[in-house]
Structures are given as structure tokens and as C-alpha cells.
Amino acid sequence: MKIKPIIAGNWKMHKSPSEGKTFISSIKNLLLDLKHVSVIFAPPFTGLFDMDVMPPFYSAAQNCHWEEKGAFTGEISVSMIQDCGAEYVILGHSERRHVFSESDNWINKKVKAVLAGELKPILCIGETLDQRNAMETDLVLKSQLELGLSGVNSLENIVIAYEPVWAIGTGVTADKNQVESAHATVRNILNELFPKSENIHVLYGGSVNPGNAEELIQVPGVNGFLIGGASLDVESFTSITQIVENIQ
Ligand code: 13P
């Protein structure tokens, strides 16, 4: 079965709610007839409420807490995200892991909470440059997948995003051989953990732009992109989406 690619824009801490609305409306006007890709916008929490999106457009939160409610100042629960109409939650992003010290254990609790709330986690994994140089990439991916997905019964509603930390926001993209090899590793690990996981989306993220999207989307095992910087600009985001749409 062919997997319909996903183009997801992770806005990180960019765009106010009104800027986000204007941005989405421009994108929708330019991408009127998408048939072969799904597009996800992940604004900051403040922009999630009242987002005007319908398939093939979806919305995602960038994080959540695993508890349903309580004394957790500054946190947002899965049901709050659900109430905003979002379908996906990005979890384990490298900035959460490295800037905010999120552990695999926390990420795992979040994955399970998101699934229990009937939303879809986009679980991010990826090695640092030091880990790659020490030839630890495969070990890191295995450990992040095993720990992040511990206690999960099925991958049916899960998206995996491979984002090498050294390629995020640096302008340095992993080359196609590195992407192919990492995606093959991810597939092998997933197949070991979940024997029926061949239809799972594995996205690539890390300095994707209109100039490299065509090559990267054709790398075996790549089912779409998780995009940071280039997802903030109408022209580059529509251009990447259109490139992927046209190749399908
Ligand atoms: P860039 O596309 O800016 O490298 O960011 C990638 C990313 O972190 C998406 O989650």
C-alpha cells in the first residue's frame, strides 16, 4: 500500500494567533486542490484554538502533559488539545529533549496519554552530531524508539519523525544516503518491535527547503517531512508541499 505523504510545519515559538490565521488562509488559497498529501500545521498552543482547517489540512500541538488535569502550572492536557480540534501532537522534539531536558520516560508517558485521548503522536527521534561521529546513530534510534514506544500496543495512529539534531535549523541537511540509511534503520527497529508496522509514516526533518525537497521525498522510506524554518514562509511551505504533491 502506498503511504500518502505528510508535510508538517512545526512553527516552534513563532507566529501569534492572528499571524497564524492569516498564514493558514494564504496557504489554503494557494493549495486548493491537494490530492496526494496531507498538510499539518503545528502552531504554538495559543494558535491552536479555532484554527480553520479541514482535511487535507490538519492541526497539531507541539507538546502536551500526560496528566488529564491538576496542579501543573504552564502545562496543557491532551483533552484541551482535543477540544481545539487538533488531530496530532508532536512529542519528543529534539528541542524538548535537549533544551527542556525531557526524558524518554516522560516522552513515553506523553505518547500513551495522546493515544489514550485518541489523538496521534508525531514521535521525534534523532541523534546528535557527537553520537553520529561516535557511530552511535543506530543505537540512539533504537533506544529512543524502544523507550518512547514502551507499553504501546500498535503503531496504527503513530507517526515517527527522524530528525538528526545536527540538521535542525542549521541549514545542513542530511544527505540522501544518510537519510536512506537512518530510515531503513528506523523501519527495521519498528518491524522488530511491531511486526505489522510497514504502513507507518516515517517523516524526515532537518533543514528541508524547496531546493532539497524533491530529492529527499524520493529517498526510499521517507513518507513526508517535518519542517521548521521553511514552514514559516508561505512561499517556501507551499512550494515544498506542491513538489511532494506533484511527485506522487
Ligand atoms: P528546520 O527545518 O528549521 O531545520 O527544523 C526542523 C525541525 O525541527 C522540525 O521539527
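These remarks concern the structure in this document. (Residues numbered from 1 in each chain as written. Predicted model: local features only at pLDDT ≥ 70, side-chain atom pairs only at ≥ 80, totals over all residues. Heavy atoms only, no water.)

## Re the overall build of the protein chain
Short version of the rule: In this text, helices come from DSSP runs of H or I with a minimum length of four residues, and strands from runs of E with a minimum of two, each type numbered from the N-terminal end. Put simply, the radius of gyration uses C-alpha atoms, and a globule should come to 2.2 Å times the residue count raised to 0.38. When a residue's accessible area, from a 1.4 Å probe over protein chains only, is under 20% of the maximum for its type it is buried; when over 50% it is exposed; and in between it is partly exposed. Contact between two residues is taken to exist if any of their heavy atoms lie within 4.5 Å; hydrogens are not considered. Computed with a 1.4 Å probe, the accessible areas rest on the Shrake-Rupley method; for each residue, only the protein chains presented here act as cover. Positive charge is attributed to Lys and Arg, negative charge to Asp and Glu, and no charge count is given to His or to the chain ends. Each charge is placed at NZ for Lys, CZ for Arg, CG for Asp and CD for Glu.
Counting its regular elements, the protein chain contains nine helices and eight strands. A globule of 248 residues ought to have a C-alpha radius of gyration of about 18 Å, and the protein chain, at 17 Å, matches this closely. Dimensions along the principal axes, computed over C-alpha positions, put the protein chain at roughly 45 × 45 × 35 Å. The buried share of the protein chain, reckoned over its 248 residues, is 52%. Long-range contacts, defined as pairs at least 24 residues apart, comprise 69% of the intrachain contacts of the protein chain with a sequence gap of at least 6. Total accessible area on the protein chain stands at roughly 11600 Å², and carbon and sulfur atoms take up 52% of it. Both charge centroids of the protein chain, one from 19 positive and one from 29 negative side chains, sit 3 Å from each other.

## Looking at the pairing of strand β5 (residues 120–125)
Put simply, the rule reads: DSSP bridges decide pairing: two strands pair if at least two such bridges lie between them.
In terms of burial, β5 is largely enclosed, as five of its six residues are buried. Here strand β4 (residues 88–91) runs beside β5; their pairing, made up of four bridges, is parallel. Its bridge partner being in β5, Leu91 is matched across the sheet by Leu123. Bridge analysis of β5 against strand β6 (residues 159–162) gives four bridges, and the strand direction is parallel. Note that in β6 the partner of Ile122 across the bridge is Val159.

## Notes on the environment of Ser79
By secondary structure assignment, the location of Ser79 is in helix α2 (residues 78–83). The class of Ser79 is partly exposed, set by a relative accessible area of 27%. With 15 residues separating them in the primary sequence, Ser79 and Cys64 have C-alpha atoms 9.7 Å apart.

## Points about the site of the ligand
Going by this rule: Being near a molecule or strand, for a residue, means having at least one of its heavy atoms within 4 Å of it. Any pair of nitrogen or oxygen atoms within 3.5 Å is treated as a polar contact; in protein, a donor-acceptor pairing is required on top of that, and neighbouring residues in sequence qualify only through side-chain atoms on both sides. Ten residue types, Ala, Val, Leu, Ile, Met, Phe, Trp, Tyr, Cys and Pro, are classed as nonpolar, four, Asp, Glu, Lys and Arg, as charged, and the remainder, Gly among them, as polar.
Around the ligand, 13 residues are found, and the nearest of them are Lys12, His93, Gly169, Ser207 and Gly229. A distance of 3.0 Å separates an oxygen atom of the ligand from a polar atom in the side chain of Glu163. Relative to its free-state accessible area of 310 Å², the ligand is covered by the protein chains to the extent of 95%. Among the residues forming the shell around the ligand, the class breakdown is four nonpolar, seven polar and two charged.

## Details of the environment of Ala60
With respect to the element layout, Ala60 can be found in strand β3 (residues 57–61). When the C-alpha positions of Ala60 and Ala8 are compared, they lie 8.7 Å apart, and in sequence the two are 52 residues distant.

## Digging into the packing of aromatic side chains
Here a ring pair, both rings aromatic, is described through the centre-centre distance and the interplanar angle of the planes. The criterion, for reference: Only the six-membered ring of Trp is used, alongside the rings of Phe and Tyr, when aromatic pairs are assigned; centres must lie within 6.5 Å, and planes under 30 degrees apart are stacked while those over 60 apart are edge-to-face, with the rest tilted. Only Lys NZ and Arg CZ are tested; either one counts as a charge over a ring when it is within 6 Å of the ring centre and within 35 degrees of the ring normal.
Applying the stated criterion to the full structure yields eight aromatic pairs. Pairing Phe23 with Phe41 gives two aromatic rings, centres 6.5 Å apart and planes at 85°, and the pair type is edge-to-face. With Phe23 in helix α1 (residues 17–30) and Phe41 in strand β2 (residues 38–42), the pair connects residues that are 18 residues apart, well separated along the chain. Taken together through their ring pairs, the aromatic side chains of Trp11, Phe23, Phe41, Phe57 and Phe237 make up a single cluster. Geometry around Trp11 places Lys15 over its ring, the cationic atom sitting 5.8 Å from the centre. Of note, Arg96 hangs over the ring of Phe100, and the distance from its end group to the ring centre comes to 4.2 Å.

## Looking at the pattern of salt bridges
In plain terms, the rule: Whenever a carboxyl oxygen of Asp or Glu lies within 4 Å of a side-chain nitrogen of Lys or Arg, that contact is scored as a salt bridge.
Tallied over the entire structure, the rule returns 11 salt bridges. One salt bridge in this structure joins Arg97 and Asp104, with 2.9 Å as the shortest N-O distance.

## Remarks on empty space enclosed by the protein
Heads up, the rule is: Buriedness for pockets is judged along seven lines, at least five of which must meet protein on both sides within 12 Å for an open set on the 1 Å grid over protein atoms alone, while cavities are sets there where a 1.4 Å probe fits but cannot get out, and lining residues have an atom within 4 Å of a point. Grid points are joined across faces, edges and corners, and a volume is the space filled by probe spheres set on the points.
The full count for this structure, using the stated rule, is one cavity of 30 Å³ or more. The volume enclosed by the largest cavity comes to roughly 40 Å³. Considering the residues around the largest cavity, the lining is formed by Gly92, Ser94, Arg97, His98, Cys124, Ile125, Gly126, Gln144, Glu163 and Val165. Elements represented by at least two residues in the lining of the largest cavity include exactly α3 (94–98) and β5. Residue contributions to the lining of the largest cavity peak at three residues, all from α3. When its residues are assigned to classes, the lining of the largest cavity shows three nonpolar, five polar and two charged.

## Quick word on the packing of helix α4 (residues 104–116) against helix α6 (residues 137–148)
Going by this rule: Under this scheme, a helix contributes an axis fitted over its contacting stretch, all axes are lines through C-alpha atoms, and angles between N-to-C directions fall in the 0 to 180 degree range. Any angle that is under 35 degrees is reported as roughly parallel, and any over 145 degrees as roughly antiparallel; angles of 65 to 115 degrees are reported as roughly perpendicular and all others as oblique.
In contact at an axis separation of 8 Å, α4 and α6 are set at 45° when each is read in the N-to-C sense. Taken together, the axes of α4 and α6 lie oblique to each other. Across the interface between the two elements, Asp104, Asn108 and Val111 from α4 touch Gln144, Leu147 and Gly148 from α6. Across the contact of α4 with α6, the residue classes break down as two nonpolar, three polar and one charged.

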